[in-house]
Amino acid sequence: MQLLYVRYLAARPVDEIQCVARTRRRHRCTNTLLSPGALAGVWRLVPATETSGQLALPSAVMAVYDLSSVPYAEQLRWRAQRCLQHAAIPTVADLAVADWELFDPLRHREHIHNRLPAPTRRPDLAGRTHQAVRP
Ligand SMILES: [Zn+2]
């Protein structure tokens, strides 16, 4: 994933990344960052090189979920790993730590895919109702 000009490895698939905020019931919020009404990034193929440009991997390109085109505040929301509701309430504490990992093309080689993911529509995401979030 690319946000705020940095590539990160997410701990989960893009549509399963979970909000880290704590609900009033002291549980971790179960909302995902990607939700209906949220601006989405785009999958793009980018050069699979280190930022320094010194390392060229055999697979020349890699698929990245790119959030560069969404507004800065929205990228900050992703970086903070908060759902739409909790991004609006910064005073709510986090229950979990955002689990982004800086992407390293060598250490994370198995995550490099030189094709864009198939445009599958996950039925559970489309049909998912808004779980009540009452911070
Ligand atoms: Zn949340």
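It should be noted that the structure appears before, not after, this text.
For clarity, every value in this text was computed on a predicted model and none was experimentally measured.

**Q** Could you give an account of the overall build of the chain, naming the residues involved and the relevant values?
**A** In terms of regular secondary structure, the chain is built from three helices and five strands. Out of the 135 residues in the chain, the part that is buried amounts to 33%. Residue pairs in contact within the chain that sit at least 24 positions apart in sequence constitute 65% of those at least 6 positions apart. As displayed, the chain has an accessible area near 8,700 Å², and 55% of this comes from carbon and sulfur atoms.

**Q** Hey, could you go over the coordination of the zinc ion for me, with residue numbers and the actual values?
**A** In the first shell of the zinc ion, the protein supplies Cys19 (SG), Cys29 (SG), Cys83 (SG) and His86 (ND1), at 2.0 to 2.4 Å from the metal. Geometry at the zinc ion is tetrahedral, judged from its four donor atoms and the angles of 105 to 113° they form at the metal. Read from N- to C-terminus, the donor residues coordinating the zinc ion fall into the pattern C-x9-C-x53-C-x2-H. Here the residue Cys19 occupies a position in the loop between strand 2 (6-9) and strand 3 (42-49), and His86 occupies one in helix 2 (residues 84-87), the gap between them amounting to 67 residues. Exposure class is identical for Cys19 and His86. Each is buried.

**Q** Mind laying out unusual backbone geometry, listing which residues take part and the relevant values?
**A** When glycine is set aside, most residues are seen to have a negative phi, and most peptide bonds are trans. In this structure, Leu4 is a non-glycine residue whose phi angle is positive, near 50°. By the secondary structure assignment, Leu4 is in the loop between strand 1 (2-3) and strand 2. The exposure class assigned to Leu4 is buried, which follows from its relative accessible area of 18%. For Gln81, which is not a glycine, the phi torsion comes out positive at approximately 60°. One can find Gln81 in the loop between helix 1 (72-80) and helix 2. For Gln81, a relative accessible area of 1% gives the class buried.

Here is what the cut-offs are and how they apply
- Residues numbered from 1 in each chain as written.
- Predicted model: local features only at pLDDT ≥ 70, side-chain atom pairs only at ≥ 80, totals over all residues.
- Heavy atoms only, no water.
- Helix = DSSP H or I, 4+ residues; strand = E, 2+ residues; numbered from the N terminus.
- Buried < 20%, exposed > 50% of the residue type's maximum accessible area, 1.4 Å probe, protein only.
- Contact = heavy atoms within 4.5 Å.
- Areas by Shrake-Rupley, 256 points an atom, 1.4 Å probe, with all protein chains shown as cover.
- Donors = N, O, S within 2.8 Å, 3.2 Å for Na, K, Ca; no water.
- Tetrahedral: all angles 85-135°; square planar, octahedral: opposite > 155°, others 65-115°.

So far we have only geometry, and geometry alone does not tell us how the molecule works.
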